[in-house]
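Overview (structure and organization)
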Amino acid sequence: MAREFNRTDRVGAQIQRELAELVRTGFDSRKMGMLTIQAVQVVRDFSHAKVYFTFFGGELDQQAVTKALKQAAPHLRHELGQRMRMRTVPELHFVHDESIERGSRLSSLIEQAVKSDHPDQEERDD
């Protein structure tokens, strides 16, 4: 009988929880906005981890937030090493997750298409 979750998934979930806490307490929310760690994918030998994040608001754009996270990666990795008892703490690679924006954009396109197919629908809704 196969296990439901393998070790890399469990470690990735733990890293996600710890990084979310570190980001919440360690970054200026005015500049970065609301930063969320969406997922963490760890390779089998635990040498690297892709950290998917999203953010809303803030003074910085997507490239600046990604750059700030990449610069903070060694510090975050050190903090993870202090919090998690692992022999090898993976090197962190931050990737902006665009799935939420893409979903929102598709949703609005579908709404526009429905409205253009049924222009009299708005009058009945009021």
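Details of the structure are given in the entry above.
Analysis parameters
- Residues numbered from 1 in each chain as written.
- Predicted model: local features only at pLDDT ≥ 70, side-chain atom pairs only at ≥ 80, totals over all residues.
- Heavy atoms only, no water.
- Core = buried A, V, L, I, M, F, W, Y, C linked by side-chain atoms within 4.5 Å.
- Buried < 20%, exposed > 50% of the residue type's maximum accessible area, 1.4 Å probe, protein only.
- Helix = DSSP H or I, 4+ residues; strand = E, 2+ residues; numbered from the N terminus.
- Pairing = 2+ DSSP bridges.
- 1 Å grid on protein atoms, 1.4 Å probe; cavity = no way out; pocket = protein on both sides within 12 Å on 5 of 7 lines; lining within 4 Å.
- Points joined across faces, edges and corners; volume = space filled by probe spheres on them.
- Nonpolar A, V, L, I, M, F, W, Y, C, P; charged D, E, K, R; others polar.
- Expected span 1.5 Å × (residues − 1).
- Arc of directions from axis to C-beta.
- Contact = heavy atoms within 4.5 Å.

A separate point is the nonpolar core. If you look at the biggest cluster of nonpolar residues, it comprises 25 residues, and the most contacted ones within it are I15, L19, L35, F53, L80, L92 and F94. Mapped onto this core, the elements with two or more residues apiece are α1 (7-26), β1 (34-42), β2 (48-56), α3 (62-83) and β3 (91-96). Per-element accounting of this core gives the leading share, six residues, to α3.

Moving on, we come to the pairing of β2. Regular strands have side chains that alternate between both faces of the sheet. Looking at chain direction, β1 and β2 are connected through eight bridges and run antiparallel. Across the sheet, the residue bridging to I37 is F53, located in β2. Pairing analysis gives six bridges linking β2 to β3, with the strands arranged parallel. Looking across to β3, one finds that H48 is bridged to E91.

With that out of the way, let us pick up the layout of surface pockets. In this structure, the largest pocket spans a volume of roughly 160 Å³. Taken together, A20, V23, R24, F27, D28, S29, M32, G33, M34, L35, T36 and I37 form the lining of the largest pocket. Those elements that place two or more of their residues in the lining of the largest pocket are α1, α2 (29-32) and β1. Along the lines of polarity and charge, the residues of the lining of the largest pocket split into seven nonpolar, three polar and two charged.

In a regular helix each residue adds 1.5 Å, so 20 residues correspond to 28 Å; α1 covers 28 Å between its end C-alpha atoms and thus fits that length. Among the residues of α1, T8, V11, G12, I15, E18, L19, L22 and V23 are the ones counted as buried. The arc that holds the buried residues of α1, viewed along the axis, is 140°, so those residues lie on one side. In this structure, α1 carries R17, R24 and T25 as exposed residues pointing more than 90 degrees from its buried face. Of the surrounding elements, those touching the buried residues of α1 are β1, β2, α3 and β3.

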